[in-house]
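Chain by chain, the residues:
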Amino acid sequence: MTITSSRPTGRPARPGQPTLTSRAPGLDWLLMVATLALVTLGTLLVWSATSTRADLTGGDPNAYLRKQLVNVAIGLVLMVAVLATDHRWVRILAPLAYLASVGGLVMVLVAGSTINGSRSWIQLGGMSIQPSELAKLAVVIGMALVVAERTERRWGRGVRSLEVVAMLAIAGVPAVLILLQPDLGTMLVLAATVFGVLAVAGAGRLWLAGLTLAGVAGAVVAVSAGVLKPYQLDRFMAFTNPDLDPRGAGYNTEQARIAVGNGGLFGQGLFDGSQTRSGFVPEQHTDFIFTVAGEELGLVGAGLLILLLALVIWRALAISARAGDLFGRVAAAGIACWWGFQAFQNIGMCLGIMPVTGVPLPFVSYGGSSLFAGMLALGLLQNIHLRSADAGRR
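Here we summarise the structure given alongside this text.

Let us look at the overall build of the chain. Helices and strands together make up the secondary structure of the chain, namely 15 helices and five strands. Considering only contacts within the chain whose residues lie at least 6 apart along the sequence, 73% involve residues at least 24 apart. As displayed, the chain has an accessible area near 17800 Å², and 67% of this comes from carbon and sulfur atoms.

Here's what the structure looks like:
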């Protein structure tokens, strides 16, 4: 059944005029079910990680469960809103979303709160918002819109240097603001996402190779010039040698590996993880949520979580491959790159194969901003999928 909302005047829309449409059939149900399974599993893991932490909950073991359920409810509303919006409105509103994300990043630098060394949060009443999480999606949409608009107007294929420069400019403004916070983890995710978007959009090999070399050179200069803060350098040193400072910079990685190792094949049981209940792993409900899965659900449960993440990323790539226009193809691929690298970075730092940079696990970690951005992206993917399915039936 298809339900189409009428215009306020009751007159039919003119051809080419954007309309708001609510569509239920034709969804990518595999993507939807896998994502909702991740959200459900993540909520349980957050509950387990916080239920015995009186320092976090104030003595209420269900405090973070309720907060995360509120985040999930808001995220679902945002997802449905994007899913039900006509794709032409998505493209019309994309510049506003981008400008809003840039404005949020500026507000962070002016009046943000500093947590764990980064000035990345804005306090809105009792809720903390991290604009950099929403900026990832805004950059993907902005870059996709730029390349689609210019390429479609000239009826050509491929991406010229001018489009590449414009796309880099779109990504560059938020990137600079994120570096000023400084939020190195988000910056790494954004850089990987931008590279993936450019590759899918058809940027030349010279551009991609040049950007790779520029990234390596920039990292060397940042370390040499003292741009990175001491604690960030210590984290990288601890990554190269975790035993260098096991009670300092290497503490997080050491405890995370112990927690994952404790799980064995089937885990110690949900809510029964010894490391988790003792609170030995810092930020376990956010950045190190994977250690809860590893300890309490074991290799089997952690493997299931990774399988669900892989399924979500695969469906995003499949939607990109079948998209009927360049905007949808680039946007869907950008979302897949974002989720894929962020998941690899988060799980990798829990296992000690990536440096600790403080990025959440998509759809699993506690936090409203990350979940809101993820659910908005999920709604956009479903919107692109529905549009491609509609075009295929014509």
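Attention now goes to the packing of helix α10 (residues 251-262) against helix α12 (residues 289-296). Relative orientation and spacing of two packed helices are given, respectively, by the angle between their axes and the distance between those axes. Contact geometry of α10 with α12 gives a least axis separation of 6 Å together with a crossing angle of 30°. Viewed along their axes, α10 and α12 adopt a mutual orientation that is roughly parallel. Packed against α10, whose contacting residues are A256, A259, V260 and N262, the element α12 presents T291, G294 and E295 at the interface. Considered class by class, the residues forming the contact of α10 with α12 number three nonpolar, three polar and one charged.

Our focus in this paragraph is the pattern of salt bridges. Enumeration over the complete set of coordinates arrives at six salt bridges. A salt bridge links D325 to R91, with the nearest nitrogen and oxygen atoms 3.5 Å apart. With D325 in the loop between α13 (298-322) and α14 (326-351) and R91 in helix α4 (residues 87-111), the pair connects residues that are 234 residues apart, well separated along the chain. In this structure, D325 and R91 share a single accessibility class: buried. When the shortest N-O distance is used, the salt bridge between D325 and R387 registers 2.7 Å.

Another aspect to go through is α4. With 25 residues, α4 extends 35 Å between its outermost C-alpha atoms, agreeing within 8% with the 36 Å of an ideal straight helix rising 1.5 Å per residue. Helix geometry: α4 is bent most strongly at L93, by close to 40°, with proline P95 lying one to four residues after it. All buried positions along α4 are accounted for by V90, R91, A94, Y98, S101, V102, G104, L105 and V108.

Soluble globular proteins tend to pack their nonpolar side chains together in the buried interior. M143, L305, I335, W339, L361 and L380 are the most contacted members of the largest nonpolar core, which totals 94 residues. Among the elements that take part in this core, α14 stands out by supplying 13 residues, more than any other. Residues in contact with M143, not counting those within four places in the same chain, are M167, I170, A171, V194, V197 and L198.

Glancing now at the environment of H87. Positionally, H87 belongs in helix α4. On the basis of relative accessible area, H87 is assigned to the partly exposed category, the value being 24%. H87 sits 300 residues away from R387 along the chain, and the two C-alpha atoms are 7.5 Å apart. What H87 contacts, discounting residues up to four positions off in sequence, is N383 and R387.

Okay, empty space enclosed by the protein next. On inspection of all chains with the given rule, the structure shows two cavities of 30 Å³ or more. A volume near 40 Å³ is recorded for the largest cavity. Lining of the largest cavity is provided by W338, W339, Q342, P362, F363, S370 and G374. Residue assignment for the lining of the largest cavity shows that the elements contributing at least two residues are α14 and α15 (368-393). For the lining of the largest cavity, the leading source of residues is α14, giving three residues. Across the lining of the largest cavity, the residue classes break down as four nonpolar, three polar and no charged.

The rules we used
Residues numbered from 1 in each chain as written. Predicted model: local features only at pLDDT ≥ 70, side-chain atom pairs only at ≥ 80, totals over all residues. Heavy atoms only, no water. Helix = DSSP H or I, 4+ residues; strand = E, 2+ residues; numbered from the N terminus. Contact = heavy atoms within 4.5 Å. Areas by Shrake-Rupley, 256 points an atom, 1.4 Å probe, with all protein chains shown as cover. Axes fitted to C-alpha atoms, helices over the stretch in contact; angles between N-to-C directions. Parallel < 35°, antiparallel > 145°, perpendicular 65-115°, else oblique. Nonpolar A, V, L, I, M, F, W, Y, C, P; charged D, E, K, R; others polar. Salt bridge = Lys/Arg side-chain N within 4 Å of Asp/Glu carboxyl O. Buried < 20%, exposed > 50% of the residue type's maximum accessible area, 1.4 Å probe, protein only. Expected span 1.5 Å × (residues − 1). Bend = angle between axes of the 7 residues up to and from the residue. Core = buried A, V, L, I, M, F, W, Y, C linked by side-chain atoms within 4.5 Å. 1 Å grid on protein atoms, 1.4 Å probe; cavity = no way out; pocket = protein on both sides within 12 Å on 5 of 7 lines; lining within 4 Å. Points joined across faces, edges and corners; volume = space filled by probe spheres on them.

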